[in-house]
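Examination of the molecular architecture
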Amino acid sequence: MKIEKEINEITGFKNLELLAKQVVEGFISGLHKSPFHGFSAEFAEHKIYNSGESTKHIDWKLFAKTDKLYTKRYEEETNLRCHLIVDNSSSMHYPKLKQFNINSLNKIGFSVLASAAIMNLMKRQRDAVGLSVYSENYEFYASEKGSERHHQMLLQKLNQALLSTKEKARTKTFEHLHLIAEKLKRRSLVFLFTDMFQNDAEADKLFQALQHLKYNKHEVILFHTFDKKHEVNFDFSNRPKRFIDVETGEFVNLYADNIKEQYERAVQDYFMELQLRCAQYRIKYVLTDINESFNKILTTYLVERQKFG
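A brief report on the enclosed structure follows. Nothing here was measured: the structure is a model prediction, and the numbers come from that model.

What counts, and where the lines are drawn
Residues numbered from 1 in each chain as written. Predicted model: local features only at pLDDT ≥ 70, side-chain atom pairs only at ≥ 80, totals over all residues. Heavy atoms only, no water. Phe/Tyr/Trp six-rings, centres within 6.5 Å; stacked < 30°, edge-to-face > 60°. Lys NZ or Arg CZ within 6 Å of the ring centre and 35° of its normal. Axes fitted to C-alpha atoms, helices over the stretch in contact; angles between N-to-C directions. Helix = DSSP H or I, 4+ residues; strand = E, 2+ residues; numbered from the N terminus. Parallel < 35°, antiparallel > 145°, perpendicular 65-115°, else oblique. Left-handed = near helix turned anticlockwise from the far one by under 90°. Contact = heavy atoms within 4.5 Å. Salt bridge = Lys/Arg side-chain N within 4 Å of Asp/Glu carboxyl O. Buried < 20%, exposed > 50% of the residue type's maximum accessible area, 1.4 Å probe, protein only. Polar contact = N/O pair within 3.5 Å; in protein donor to acceptor, adjacent residues only side chain to side chain. Pairing = 2+ DSSP bridges. Expected span 1.5 Å × (residues − 1).

The subject of this paragraph is the packing of aromatic side chains. Tallied over the full model, the rule gives nine aromatic pairs. By way of ring pairs, the aromatic residues F191, F193, F223 and Y301 are connected into one cluster. Note that R187 overlies the ring of F308, its terminal NZ or CZ placed 4.2 Å from the centroid.

Listed below in structure tokens is the structure:
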């Protein structure tokens, strides 16, 4: 896959497709030690047999090995439609990076690689995937397809999100979610990657937009993406620092220790409020620390895929 040239000295992933494949293969190898043992290497080409289905496509050789009934899945089958939504506003580009790899990620980098890994799993499952990217504008939309050409195009668009330098790019997530809800014509799994930075009034509107997706029968999974070390634990040296709002340019000068306890309490209260509201609207809420592995993301995908019917 060709990678865009450097833009403002920022380079994307050198090979996003290969890196996503490595993330997924590492995850699959770990499934043997987990409750998802049934998702062996064969899960890419088979699905569990359900009572009442035709027995014509049962893989009897696999049954002899596993003592479980699986049916062969054919390339033209599409069992799931998934739409990935990535917030590409200024705050998602924190912390600022010039190069990206699995050990060097900011919020947008984590969201891009996580999205690519989900796409890799879906490709193995013969599922269809679509993508939306937004900041202050609705930057990109592609409907759900399963072709290789479509897959490569989405990888390119994801990588471009890293290369777009955002200066004071505010966003009203709720406006874009309403647009997406209108565009999605068939029931889908919807994964939203966002750091949930908005004011209280916009939070109300955001949940109205998420409810719009739910009303249209989509299943919504919110990956609340954050840097736990700095954005939750406020882990900064106690020297005078200038803290700048990357979306407005406003700033405050202070010593970190002077507000650390108050800040941490406010953040925890906010996270708890989000969890409660998501539960109220039956939206799956997943706390997503960019310093952790991608296993939580991919496990969530598998669980929600199994439940989606």
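Having put the structure on the table, let's press on.
For the rest of this paragraph, the subject is the packing of helix α1 (residues 16-31) against helix α3 (residues 107-124). The geometry of α1 relative to α3 is characterised by a closest axis approach of 8 Å and an angle of 70° between their N-to-C directions. Looking at the two axes, α1 sits roughly perpendicular to α3. Considering only the axes of α1 and α3, their crossing is right-handed. Where α1 approaches α3, its residues L16, E17, L19, A20, K21, V23, V24, E25, F27 and I28 are matched on the opposing element by V112, L113, A116, A117, N120, L121, K123 and R124.

Another aspect to go through is the pattern of salt bridges. Per the stated rule, a full pass over the model turns up eleven salt bridges. K296 serves as the salt-bridge partner of E292, at 3.9 Å between the closest nitrogen and oxygen. The partly exposed category is assigned to E292, whose relative accessible area is 41%. The salt bridge involving E304 is made with K307; its shortest N-O contact spans 3.3 Å. One end of the pair, E304, and the other, K307, are both in helix α9 (residues 295-307), three residues apart, so they sit about a helical turn from each other.

The residue after Y94, namely P95, is reached through a cis peptide bond having omega -10°. In this structure, P95 sits in the loop between β3 (81-87) and α3. One non-glycine residue, D67, lies in positive phi territory at about 60°. Here D67 lies in the loop between α2 (60-66) and β2 (70-72).

One can find T194 in strand β6 (residues 189-194). At 2.8 Å, the side chain of T194 and the side chain of D87 are in polar contact. At a separation of 3.2 Å, a polar atom in the side chain of T194 contacts the main-chain amide nitrogen of M196. Look past the residues within four positions of T194 in its chain and what remains in contact with it is D87, M92, Y134, T173, L222, F223, H224 and T225.

On to the sheet that holds strand β10 (residues 284-289), then. Here six strands make up an open sheet; going across it, the order is β5-β4-β3-β6-β7-β10 and the pairing mixed. The sheet terminates laterally at β5 (138-145) and β10, the two strands that pair on one side only. Sheet twist, expressed as the mean angle between neighbouring strand axes with direction ignored, is 15°. Note: β6 against strand β7 (residues 219-226), six bridges, orientation parallel. Looking at the pairing, F191 lines up with I221 of β7. Sheet strands in contact with helix α4 (residues 148-163) are β3, β4 (128-134) and β5, and its direction is about 160° off that of β5.

Next up on the list: α4. With 16 residues, α4 should cover 22 Å at 1.5 Å per step; its first-to-last C-alpha distance of 23 Å lies within 8% of that length. Regarding α4, the residues found buried are H150, H151, L154, L155, L158, N159, A161, L162 and L163. Close packing links the buried residues of α4 with α1, β3, α3, β4 and β5.

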